[in-house]
Structures are given as structure tokens and as C-alpha cells.
Amino acid sequence: MDSCVVNSPLGFTQIKGDADGIVSINVLNSEETPSEHIPETLLDCVQQLQDYFQGNRTTFSFKQNPKGTDFQKKVWQALTKIPYGKTLSYLELSKQLGDAKAIRAVANANGKNPLWIVVPCHRVIGTDGSLTGYAGGLHRKQWLLNHESPVTQQTLF
């Protein structure tokens with residue numbers, strides 16, 4: 001399994017994968033040293049993430065290979081259908097998956113998403129529009145939603 005650490009506007013990010021695809025992308029909560037060498041198997045992912053942070057990419061096309069249960073993979077697949085710049089509530093996501101009562105299981109699978117940003121779990125919010133649980137921290141979730149917002153905030157001065 002190849003691995004590297006890259007810097008992003010939200011902190012150091014660890015990427016793991018191999019020829020079968022990217023297995024995980026995680027933001028780290030500690031200071032790390034960025035990798036001097038990016039393995040060939042991770043180059044496309046690193047470039048696409050850089051493009052995303054520069055505002056030049058809204059979708060990802062590199063090979064993905066997240067590990068999880070069938071149910072988790074079903075939830076993660078549904079997350080990829082939430083358009084860039086849009087949000088969806090946990091309840092709406094549960095309904096889309098066919099069972100509004102599965103909201104806790106859906107939220108749990110959302111929280112176990114191994115592909116930070118690429119599988120956009122940050123686009124899922126509370127039914128009342130509030131920011132709720134995010135493994136990377138709510139400050140990062142807010143940053144990502146602002147980054148993807150179609151409305152550009154202008155300063156008054």
C-alpha cells in the first residue's frame with residue numbers, strides 16, 4: 001500500500017492507495033512533514049485534490065477503492081450524487097436510500113467515509129440546516145461548504 005502526506009488549506013492530508021485505487025484520504029489533526037516523493041499510484045489523486053482546492057475541479061475521476069460494508073458503500077455512492085455547491089439533510093439522504101428510519105445508520109456510514117472530500121460527506125447537514133458531526137471537525141466542514149458555495153461573499157469595504 002502506497003502512502004503520502006500532502007499539505008492542503010485545511011491541514012495535512014494522508015492519501016493511501018495502490019494500483020487498485022485510492023483506499024483512503026484523511027485530514028490529519030497533527031503537524032506532519034509533507035512527502036518528498038509522491039508514489040505514481042497516488043499522483044492523479046494528489047493533482048485532482050490540488051485542482052479542487054484551487055477552485056478548478058468539482059468532480060473527481062481517479063480510481064477509488066474504499067473499504068467498507070455493502071451498506072456503507074451504498075451510502076458513499078449516494079453521497080457522490082450530491083452536486084458540488086449543494087447540501088442534503090441526513091433525512092433526505094435516508095429517504096433517497098429507501099428508508100427514512102435508517103437515518104442513524106446512514107449518519108454512521110457517512111461518518112466512516114474513508115475518502116475525505118472526494119466522497120462529499122461534508123455536504124450532508126441537519127434537517128434544520130445546521131452543521132452536524134464531521135470527522136474532520138466542523139470548522140473544516142464550514143470551510144468546504146464555503147469553498148463550494150456558488151455565492152461569492154463580497155466585502156463591504
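The model shown is predicted, which means the values in this text are computed figures rather than measured ones. (Residues numbered from 1 in each chain as written. Predicted model: local features only at pLDDT ≥ 70, side-chain atom pairs only at ≥ 80, totals over all residues. Heavy atoms only, no water.)

Description of the pattern of salt bridges
Piece 1. Counted under the stated rule, the structure contains two salt bridges.
Piece 2. Close ionic contact of Arg57 with Asp51 constitutes a salt bridge, the shortest N to O distance being 3.9 Å.
Piece 3. Residue class for Asp51 comes out buried when judged on its relative accessible area of 18%.
Piece 4. In this structure, the salt-bridge partner of Glu148 is Arg123, at a minimum N-O distance of 2.7 Å. (Salt bridge = Lys/Arg side-chain N within 4 Å of Asp/Glu carboxyl O. Buried < 20%, exposed > 50% of the residue type's maximum accessible area, 1.4 Å probe, protein only.)

Quick word on the side chain of Asp51
Piece 1. By secondary structure assignment, the location of Asp51 is in helix α1 (residues 43-53).
Piece 2. Among the polar contacts listed, one links the side chain of Asp51 to the side chain of Gln47, at a separation of 2.8 Å.
Piece 3. Residues within four places of Asp51 in sequence aside, it is in contact with Asn56 and Arg57. (Helix = DSSP H or I, 4+ residues; strand = E, 2+ residues; numbered from the N terminus. Polar contact = N/O pair within 3.5 Å; in protein donor to acceptor, adjacent residues only side chain to side chain. Contact = heavy atoms within 4.5 Å.)

A few points about the packing of aromatic side chains
Two measures describe an aromatic ring pair: the distance that separates the ring centres and the angle between the ring planes.
Piece 1. Here the structure, examined in full by the defined rule, presents six aromatic pairs.
Piece 2. Aromatic side chains Tyr52 and Phe60 sit 5.8 Å apart centroid to centroid with 40° between the ring planes, which places their arrangement in the tilted category. The two residues Tyr52 and Phe60 agree in class, both being buried.
Piece 3. Centroid distance Phe60 to Phe62: 6.1 Å. Interplanar angle 65°. Geometry classified as edge-to-face. Both residues of the pair, Phe60 and Phe62, count as buried.
Piece 4. Grouped by ring-pair contacts, the aromatic residues Tyr52, Phe53, Phe60, Phe62, Tyr84, Trp116 and Trp143 constitute a single cluster. (Phe/Tyr/Trp six-rings, centres within 6.5 Å; stacked < 30°, edge-to-face > 60°.)

Points about the environment of Gly98
Piece 1. Along the chain, Gly98 turns up in the loop between α3 (90-96) and α4 (103-111).
Piece 2. Spatially, the C-alpha atom of Gly98 lies 19 Å from that of Arg123, the residues being 25 residues apart in sequence.

Quick notes on the packing of helix α2 (residues 70-79) against α4
Piece 1. For the pair α2 and α4, interaxial distance at closest approach is 9 Å and the crossing angle is 80°. By the angle between their directions, the pair α2 and α4 is classed as roughly perpendicular. Between α2, through Phe71, Gln72, Val75, Trp76 and Leu79, and α4, the contact on the second element is made entirely by Ala105, Val106, Ala109 and Asn110.
Piece 2. Among the residues forming the contact of α2 with α4, the class breakdown is seven nonpolar, two polar and no charged. (Axes fitted to C-alpha atoms, helices over the stretch in contact; angles between N-to-C directions. Parallel < 35°, antiparallel > 145°, perpendicular 65-115°, else oblique. Nonpolar A, V, L, I, M, F, W, Y, C, P; charged D, E, K, R; others polar.)

Considering the nonpolar core
Piece 1. With 37 residues, the main nonpolar core has Ile15, Ile25, Leu79, Leu93 and Trp116 as its most contacted residues.
Piece 2. For this core, the secondary-structure elements that each account for two or more residues are β1 (2-8), β3 (21-27), α1, α2, α3 and α4.
Piece 3. Looking at this core element by element, the count peaks at five residues for α1.
Piece 4. Those residues in contact with Ile25 that lie beyond four places of it in its chain are Thr13, Gln14, Ile15, Cys45, Leu49, Phe62, Pro114, Leu115, Trp116 and Val118. (Core = buried A, V, L, I, M, F, W, Y, C linked by side-chain atoms within 4.5 Å.)

The analysis is restricted to geometry; functional conclusions fall outside its scope.
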